[in-house]
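Residues per chain, in single letters:
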Amino acid sequence: MSNDTYDLEALQNGSLANLALTKFKLTPTPSLTVFPDDIFSFGPSLIHLDLSGTGLSSLPPNFSTSLPNLKILFLSNCAFETFPDLSSHPTLEMVAFRHNSLTSIPENTLPPKLRWLILTDNNIPSLPSTISQCPNLEKCLLAGNNLSALPPSLTRCQNLTLLRLSANNFTSLPKFLFTAFPKLAYLSFAGNPCSLRSREAHKLPFGLQDIPYRSLTISRVLGQGASGVISQAEWKPSPDSDFSEDVAVKMFKGSLTSDGRPEDEMEAVLLAGSHESLIGVIGKVTEWEGEGVKGGIVMSLVPEGYKVLGLPPDLESCTRDRFAEGEEGWEMGKAVEMLTGIAGAGAHLHGRRICHGDLYAHNILASREDGHGLLGDFGAASVYGEEEDGVERVEVAAFGRLVGDVLGLVGEGEGEEERAMRKGLEELQRRCEDGVVEGRPDFDEVVEVLRGMLGWRGMMRIPEVVPH
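Residues numbered from 1 in each chain as written. Predicted model: local features only at pLDDT ≥ 70, side-chain atom pairs only at ≥ 80, totals over all residues. Heavy atoms only, no water.

Tallied over the entire structure, the rule returns 13 salt bridges. For Glu-265, the salt bridge identified is with Lys-250, shortest N-O distance 2.8 Å. One end of the pair, Glu-265, is in helix H4 (residues 262-272); the other, Lys-250, is in strand E13 (residues 245-253), with 15 residues separating them in the sequence. One continuous salt-bridge network, built from bridges that share partners, spans Arg-164, Asp-259 and Asp-358. (Salt bridge = Lys/Arg side-chain N within 4 Å of Asp/Glu carboxyl O. Helix = DSSP H or I, 4+ residues; strand = E, 2+ residues; numbered from the N terminus.)

Printed below as a string of structure tokens:
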């Protein structure tokens, strides 16, 4: 057990009573159906409370007054059917009710300081109009519900930056999504009727191969997430041939993630096609085995020397990536080359009517030496039609934020050319994040601006994988 995770016995035997805990996490206890009043002994000191994995379905009336300084509340994998009244809580900023049985969010129940709302995987048919009373709302995760509309009052949440609507019942998206939110940059809506209809009109790129699972020999795990596992493998196209190739294989499994469904991610990756700043897709896996596996894709192996550009947001940064110490030191020209490639990938995807949905530094593998990046992780990607054309300029705001992050990684000691590039990037960032969404450039224009900064140097070609 970690330092801030405790079992029910420790809570109830009084051994924690005199501790001024700031965080309390209860080990999963499905048999717990009544809120334990012992938690109230932590009083004003408690900032973070996690009672996920219990049988709780309600909170006591004195919850808000007894824990007046609580900022983070996790009640995921519980038994709530109705969202509890948290409207009087003065400090709550993050609330998580993932995978409950919620069918109702009554009006006037959301906490006024709410910044991060997680309602993934419930049965919610509608949001309350009083969500407008949460002006700080920045991150809203609603995938896997029964939503078919959003309240117009949501437009008063002007700080909304990330919105997940995948796997709901939208036959069309509200037009105000593409104009009313000056900070909205990360939007996903795959697995809705509107996206599924658009996906049917798309054709898979020519040249994708069907690759039997038996032709792959898995050697080691490269990474894993909620939607599946990525492994390095040796691919032997023909059992009678001596030819083989080292590849990366992602097998999709599981069900719903906070971004959407694994099968929608797999479809988006396959539809994306080829671009020098996307990880190359060779084909899709056939004849696989394994319980719960939805399918798989075979990709080119990323060359050595590529590192994740950033770290995902944490509870404090919410929608902003973080960067480890020592990540600074990018040379300005190389940074612009890398950004040009990523913008080109954005133009390529939207040319195929695919919104990446998660255009973050933590989803980019980058080589500082080569000035090159590879955009990956299509977990929040959505296929869209003409009715959703405005989504491109929403995603351009995400690129603007990326430009700002990369500028923070560029080292000191700039010459005249570098200072001119910095000024140009700052102006591009401002345009990409323009609060008037219609005034932003599209990705094609962004690419042209960046190429103009590079001048004669052009862009770096993705290096070949050297066998070793």
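With that out of the way, let us pick up the sheet that holds strand E6 (residues 116-118). Pairing in this open sheet of nine strands is parallel, and the strands run E1-E2-E3-E4-E5-E6-E7-E8-E9 from one edge to the other. The strands lining the two open edges of the sheet, one partner per strand, are strand E1 (5-6) and strand E9 (186-188). For strand E7 (residues 139-141) and strand E8 (residues 162-164), the ladder comprises three bridges, and the chain directions are parallel. Pairing of Cys-140 across the sheet is with Leu-163, part of E8. (Pairing = 2+ DSSP bridges.)

Turning next to the pairing of strand E2 (residues 23-26). Because side chains alternate across E2, one face comprises the buried residues Phe-24 and Leu-26, and the other comprises Lys-23 and Lys-25, none of which is buried. Pairing of E1 with E2, which is carried by two bridges, proceeds in the parallel orientation. Bridged to Tyr-6 within E2 is Leu-26. In this sheet, strand E3 (residues 48-50) lies alongside E2 in parallel orientation, the contact comprising three bridges. Bridging from a neighbouring strand, Phe-24 pairs with Leu-49 of E3. (Buried < 20%, exposed > 50% of the residue type's maximum accessible area, 1.4 Å probe, protein only.)

A separate point is the sheet that holds strand E10 (residues 209-212). Sheet strands pair by backbone hydrogen bonding; their relative direction is either parallel or antiparallel. One open sheet accounts for six strands, arranged E10-E14-E15-E13-E12-E11; its pairing is mixed. Edge positions in the sheet fall to E10 and strand E11 (216-225), since each of these pairs with one other strand and no more. Across the sheet, the axes of successive neighbouring strands diverge by a mean angle of 30°, strand direction being ignored. Across three bridges, strand E14 (residues 281-286) lies against strand E15 (residues 293-300) in antiparallel orientation. Each bridged residue has a counterpart across the sheet, and for Gly-283 the counterpart in E15 is Val-298. Contacts from H4 reach E13, E14 and E15, with the element oriented near 30° to E15. (Axes fitted to C-alpha atoms, helices over the stretch in contact; angles between N-to-C directions. Contact = heavy atoms within 4.5 Å.)

According to UniProt, the positions carrying the feature "binding site: ATP" (unreviewed entry) are Lys-250. By relative accessible area, Lys-250 is classed as buried at 10%. Apart from residues no more than four positions distant in its own chain, Lys-250 is found in contact with Ser-227, Gly-228, Val-229, Ile-230, Glu-265, Gly-295, Gly-296, Ile-297 and Met-299. Here Glu-265 takes part through its side chain, which lies 2.8 Å from a polar atom of the side chain of Lys-250. (UniProt positions renumbered as here; feature names shortened; annotations may be inferred. Polar contact = N/O pair within 3.5 Å; in protein donor to acceptor, adjacent residues only side chain to side chain.)

Take helix H7 (residues 416-432) next. Counted at 1.5 Å a residue, the expected span for H7 with its 17 residues is 24 Å, and the 24 Å between its end C-alpha atoms agrees. Burial in H7 covers these residues: Met-421, Leu-425, Leu-428 and Cys-432. The arc that holds the buried residues of H7, viewed along the axis, is 65°, so those residues lie on one side. Exposed residues pointing more than 90 degrees away from the buried face of H7 are listed as Glu-416, Arg-419, Ala-420 and Lys-423. In the core, the buried residues of H7 are packed alongside helix H5 (332-351), helix H6 (391-407) and helix H8 (443-454). (Expected span 1.5 Å × (residues − 1). Arc of directions from axis to C-beta.)

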